[in-house]
Amino acid sequence: MPNFEDKAEFIKRHRREMAPIIDDTDERGTFVSIQEAEDIRNLHVDPARIEKILERFETKVYAWENTSPTQDAKSVLIEASETLAFRNVVPILDRLTHDPRCRAICFITDSIAGREFEKKGDRSFVRISHDHSKPLLAELPANFDVALAMVEQPNSQNALLLYGAKSIFGAKKLFLLVTGWQGVGGTNLFREDAKRRTSTMESIDGVFCNDELAKIILKKDMPNFPDSRVYAIGTLTLGTLEVERGEEYKKEGRRKLGIRDSAFALLYAGQNQSVCSEAYGSRKDIEEETLRRTFDVVMEMARSRPKEYFALLLRPHPSDAEQKRIYDIARLVSLADVPKNLEIRLALAVSMQEAVYAADIISSISSNEVFLAHYRGKKGVFLGFAGDGLGADLLRKIYGSEELVAEIKDSRILEIVNSSEELLGLLSREHQRIPQKPAPIDKEDIIKKTLDSMFADS
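A brief look at the structure comes next. Given the structure is predicted, the values throughout are model-derived calculations rather than measurements.

## With respect to the pattern of salt bridges
Working step 1: On inspection of all chains with the given rule, the structure shows 31 salt bridges.
Working step 2: Ionic pairing is found between Asp94 and Lys120, a salt bridge with its closest N-O pair at 3.5 Å. A residue pair is termed long-range when its members are at least 10 positions apart, and Asp94 in helix α5 (residues 83-96) and Lys120 in helix α6 (residues 111-120) qualify at 26 residues.
Working step 3: Taking the shortest distance from any N to any O, the salt bridge between Arg292 and Glu289 comes out at 2.6 Å. Of this pair, Arg292 and Glu289 both sit in helix α13 (residues 286-304), separated by 3 residues, roughly a single helical turn.
Working step 4: For Glu289, a relative accessible area of 12% gives the class buried.
Working step 5: Residues joined in a network through salt bridges with shared partners are Asp99, Arg101, Lys448 and Asp452.

Printed below as a string of structure tokens:
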């Protein structure tokens, strides 16, 4: 069994993955003490709190069984670790529990998804107890019919399915669900320098993605994968946008944030600065520098129109351990003389729906929210500022080439700005534009098509 020092070292090594799921004050104090300790051997913290932190982070397995399945019903293995994966998985799990074609479900989860599933408290799922003296894999059921893995960040549970769904768990089919428009880049297992690992990966029988643009982007990571097995049918990312409640969310979001109805609002959706740096070689302060430039542009816009009102909404990425420092509004404001017709708000006290619908423009270095803006009837803007290690470089690395970045821009579902001047020009144009109505999205149809493909006979 690992000793106290080993457990503390594990927490320190996985601090970025653990930081977003620790919300207890005492546990956070312990977590900070571990990060600041120069020598773990001299650490003085309550061992029980260390155990609690590890318990929050550990892999959890939940099982569900159909009491009256059809004769040819199938068992399903699904995983989720991150927030976006969880949003897509929950409606699928809910539907599976009412689908006679489903005999049983095994749901493997950890991190943010594990915490949120635990909060959901779905009693139809039973948590499988784990004897910590044995490997978790030894206690999992086997002989599944279908497995569904998600595109997620490194160190998530998707690797378990991508490398073991068939060979270890006996699954007959393996599907990958790509929730956004960044190919499988988040998974980090299909990268050019990971070909040896890719060669030992299980064969994937089908990939689900949002639309034809997402399919084009996906092909850069899976160039030899058959087009006929890429299903551009939408994912539950689209089904969770609640466009029919857009005006309601806008009104409520602005009320909570104290923004005038008449204000022209830009939402800055943050990225995890350290992930950008470590995974893509971006400059270490890419988020800070991009935010500063965006802030300067919005101030210039407000100063040029003193009789109108503007708002800058800041929404940090939930897994960014540096968010409190980067998005310190008091520090940001201290750097400049902010005009009185500009309101700056940290949009954390509202839901994501309220934050995005409260805004007129959705901007980010690389967030999927920029693509989703189109489906919400908003304008999405990638902040692809030119300069060593900034947004332009990051987008090229995420999408693999300047040609693909140009193709994304040509799709006209979003904008990519390469300078402060381009951003100012875009904001000036959009300020005069009549808002577009979003097209309705059929969430039920997306789920049906996904499950029909998963349950289809070979």
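## Comments concerning the packing of α5 against α6
Working step 1: Contact pair α5 / α6: the axes reach a minimum separation of 9 Å and the direction vectors enclose 40°. With respect to α6, the axis of α5 lies oblique. For the crossing formed where α5 meets α6, the hand is right-handed. The segment α5 lies against α6, with Thr83, Phe86, Val90, Leu93 and Asp94 engaging Ile112, Ala113, Glu116, Phe117 and Lys120.
Working step 2: In the contact of α5 with α6, the residues fall into 6 nonpolar, 1 polar and 3 charged.

## Here's the deal with the packing of aromatic side chains
Working step 1: One pass over the structure, following the stated rule, counts 12 aromatic pairs.
Working step 2: Seen from their ring centres, Phe117 and Phe125 are 5.5 Å apart, and the 85° between their planes marks the pair as edge-to-face. Neither Phe117 nor Phe125 differs from the other in exposure class; each is buried.
Working step 3: Between the aromatic rings of Phe175 and Phe208, the centroid separation amounts to 5.5 Å while the plane-to-plane angle is 20°, which identifies the pairing as stacked. In this pair, Phe175 is assigned in strand β6 (residues 173-177) and Phe208 in strand β7 (residues 206-209), connecting sequence segments 33 residues apart. Both residues of the pair, Phe175 and Phe208, belong to the buried class.
Working step 4: Here Arg260 stacks its cationic end above the ring of Tyr309, 3.8 Å away from the centre of that ring.

## As for the nonpolar core
Working step 1: Counting residues in each nonpolar core, the largest one holds 130 residues, and the members touching the most others are Leu176, Ile204, Phe371, Tyr399 and Leu427.
Working step 2: At 8 residues, α13 tops the list of elements feeding residues into this core.
Working step 3: In contact with Ile204, other than residues within four places in its own chain, are Leu162, Leu174, Leu176, Phe190, Met222, Phe225 and Arg229.

## Considering the pairing of β6
Working step 1: Along β6, 5 of the 5 residues are buried, which leaves the element largely enclosed by surrounding structure.
Working step 2: Side chains Lys173, Phe175 and Leu177 project from β6 onto one buried face, and the interleaved Leu174 and Leu176 project onto a second face that is buried too.
Working step 3: With 5 bridges connecting them, strand β5 (residues 146-150) and β6 associate as parallel partners. Bridge pairing in β6 places Val146 opposite Lys173.
Working step 4: Read from β5 through helix α7 (residues 158-164) to β6, the crossover connection turns out right-handed.
Working step 5: Of the strand pairs in this sheet, β6 and β7 are connected by 3 bridges, and their pairing is parallel.

## Quick word on the environment of Arg101
Working step 1: Looking at where Arg101 falls in the secondary structure, it is placed in the loop between α5 and β3 (102-109).
Working step 2: It is 6.3 Å that separates the C-alpha atoms of Arg101 and Thr70, two residues lying 31 residues apart in sequence.
Working step 3: With sequence-adjacent residues up to four places away left out, Arg101 is seen in contact with Thr70, Ala73, Lys74, Leu451, Asp452 and Phe455.

## Considerations on the sheet that holds β5
By way of backbone hydrogen bonds, the strands of a sheet pair with one another, either parallel or antiparallel.
Working step 1: Here we have 8 strands laid out as an open sheet, ordered β4-β1-β3-β2-β5-β6-β7-β8, and mixed in their pairing. At either margin of the open sheet sits one strand with a lone partner, and together these are β4 (126-127) and β8 (230-232).
Working step 2: Against the sheet, α5 contacts β1 (60-65), β2 (74-80), β3, β5 and β6, and its axis sits at roughly 160° relative to β2.
Working step 3: Contacts from helix α21 (residues 443-455) reach β2, β3, β5, β6, β7 and β8 within the one sheet, and its direction differs from that of β6 by about 155°.

## Topic: the sheet that holds strand β9 (residues 264-269)
Working step 1: With parallel pairing, 6 strands are arranged side by side in an open sheet as β11-β10-β9-β12-β13-β14. The open sheet has two edge strands with one neighbour each: β11 (342-346) and β14 (415-417). Taken over all neighbouring pairs, the strand axes of this sheet differ in orientation by 20° on average, direction set aside.
Working step 2: Across 3 bridges, strand β13 (residues 379-383) lies against β14 in parallel orientation. What sits directly across from Leu383, in β14, is Val417.
Working step 3: Along the sheet face, helix α20 (residues 420-432) touches β9, β10 (310-315), β12 (361-364), β13 and β14 and points at about 145° away from the line of β14.

What counts, and where the lines are drawn
Residues numbered from 1 in each chain as written. Predicted model: local features only at pLDDT ≥ 70, side-chain atom pairs only at ≥ 80, totals over all residues. Heavy atoms only, no water. Salt bridge = Lys/Arg side-chain N within 4 Å of Asp/Glu carboxyl O. Helix = DSSP H or I, 4+ residues; strand = E, 2+ residues; numbered from the N terminus. Buried < 20%, exposed > 50% of the residue type's maximum accessible area, 1.4 Å probe, protein only. Axes fitted to C-alpha atoms, helices over the stretch in contact; angles between N-to-C directions. Parallel < 35°, antiparallel > 145°, perpendicular 65-115°, else oblique. Left-handed = near helix turned anticlockwise from the far one by under 90°. Contact = heavy atoms within 4.5 Å. Nonpolar A, V, L, I, M, F, W, Y, C, P; charged D, E, K, R; others polar. Phe/Tyr/Trp six-rings, centres within 6.5 Å; stacked < 30°, edge-to-face > 60°. Lys NZ or Arg CZ within 6 Å of the ring centre and 35° of its normal. Core = buried A, V, L, I, M, F, W, Y, C linked by side-chain atoms within 4.5 Å. Pairing = 2+ DSSP bridges. Right-handed = clockwise from strand over helix to strand, strands pointing away.

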